[in-house]
Amino acid sequence: MKDFVMEKGETDLNLCKLDGKGCNEKEVQFMAKWKALAPEDVSKELARLQRMKTKSLSPDLKKWHSQRVSILKKLQASDANEEL
């Protein structure tokens, strides 16, 4: 059901937290990679993913795309909060 809502509603129901709770192994590995990089790199990757046309992706790739965007947005927000 969650996948259906994410796909049809083009919304983010990703429950993955920055501390790793609610994340699958793939998300944890992706998050570890991007946590180690500079905030500018995170912003560039997020912009690149947001430019991608998801209509041509398979359902599995659309889901992974959404998960990556969600994680990068959370990392970006975390970086912004740390700067304050």
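Quick look at the environment of methionine 31
Phase 1: Residue position: methionine 31 is located in helix H2 (residues 25-35).
Phase 2: Along the backbone, methionine 31 and cysteine 16 are 15 residues apart, and their C-alpha atoms lie at a distance of 9.9 Å.
Phase 3: Other than its neighbours up to four places away in sequence, methionine 31 contacts Cys16, Lys17, Leu18, Cys23, Ile71 and Leu75.

What to know about the environment of alanine 80
Phase 1: By secondary structure assignment, the location of alanine 80 is in helix H4 (residues 59-83).
Phase 2: For alanine 80, a relative accessible area of 38% corresponds to the partly exposed category.
Phase 3: Along the backbone, alanine 80 and proline 39 are 41 residues apart, and their C-alpha atoms lie at a distance of 9.0 Å.

Concerning the pattern of salt bridges
Phase 1: A full pass over the atoms with the stated rule returns one salt bridge.
Phase 2: The residue arginine 48 makes a salt bridge to glutamate 45 at a minimum N-O spacing of 2.9 Å. With arginine 48 and glutamate 45 both in helix H3 (residues 39-51) and three residues apart, this pair spans about one turn of that helix.
Phase 3: For arginine 48, a relative accessible area of 35% corresponds to the partly exposed category.
Phase 4: Taking relative accessible area as the criterion, glutamate 45 reaches 12% and is therefore assigned buried.

A word on the nonpolar core
Phase 1: Grouped together as the largest cluster of nonpolar side chains are 13 residues, with contacts concentrated most on Phe30, Met31, Trp34, Ile71, Leu72 and Leu75.
Phase 2: Among the elements of the structure, H2, H3 and H4 are those that each provide at least two residues to this core.
Phase 3: Here this core gets five residues from one element, more than from any other, and that element is H4.
Phase 4: Ignoring anything within four residues of it in the chain, the contact list for leucine 72 reads Phe30, Trp34, Val42, Glu45, Leu46 and Leu49.

Re H3
Phase 1: Over its 13 residues, H3 extends 19 Å from the first C-alpha to the last, a length consistent with the 18 Å expected when each residue adds 1.5 Å.
Phase 2: For H3, the full list of buried residues reads Val42, Glu45, Leu46 and Leu49. Buried residues in H3, looked at end-on, bunch into an arc of 100°, giving them a common side. Exposed residues pointing more than 90 degrees away from the buried face of H3 are listed as Glu40, Lys44 and Arg51.

Looking at H2
Each α-helix turn comprises 3.6 residues. Residues three or four places apart therefore point the same way.
Phase 1: Looking at H2, one finds that the buried residues are Glu27, Phe30, Met31 and Trp34. Seen along its axis, H2 keeps its buried residues to an arc of 100°; they face one direction. Residues of H2 that are exposed and point more than 90 degrees away from the buried face comprise Glu25, Gln29 and Lys33.
Phase 2: With a side-chain oxygen lying 3.0 Å from the backbone nitrogen of lysine 26, the N-terminal cap of H2 falls on asparagine 24.

Rules used in this analysis
Residues numbered from 1 in each chain as written. Predicted model: local features only at pLDDT ≥ 70, side-chain atom pairs only at ≥ 80, totals over all residues. Heavy atoms only, no water. Helix = DSSP H or I, 4+ residues; strand = E, 2+ residues; numbered from the N terminus. Contact = heavy atoms within 4.5 Å. Buried < 20%, exposed > 50% of the residue type's maximum accessible area, 1.4 Å probe, protein only. Salt bridge = Lys/Arg side-chain N within 4 Å of Asp/Glu carboxyl O. Core = buried A, V, L, I, M, F, W, Y, C linked by side-chain atoms within 4.5 Å. Expected span 1.5 Å × (residues − 1). Arc of directions from axis to C-beta. Polar contact = N/O pair within 3.5 Å; in protein donor to acceptor, adjacent residues only side chain to side chain.

So yeah, pure geometry; function would need other evidence.
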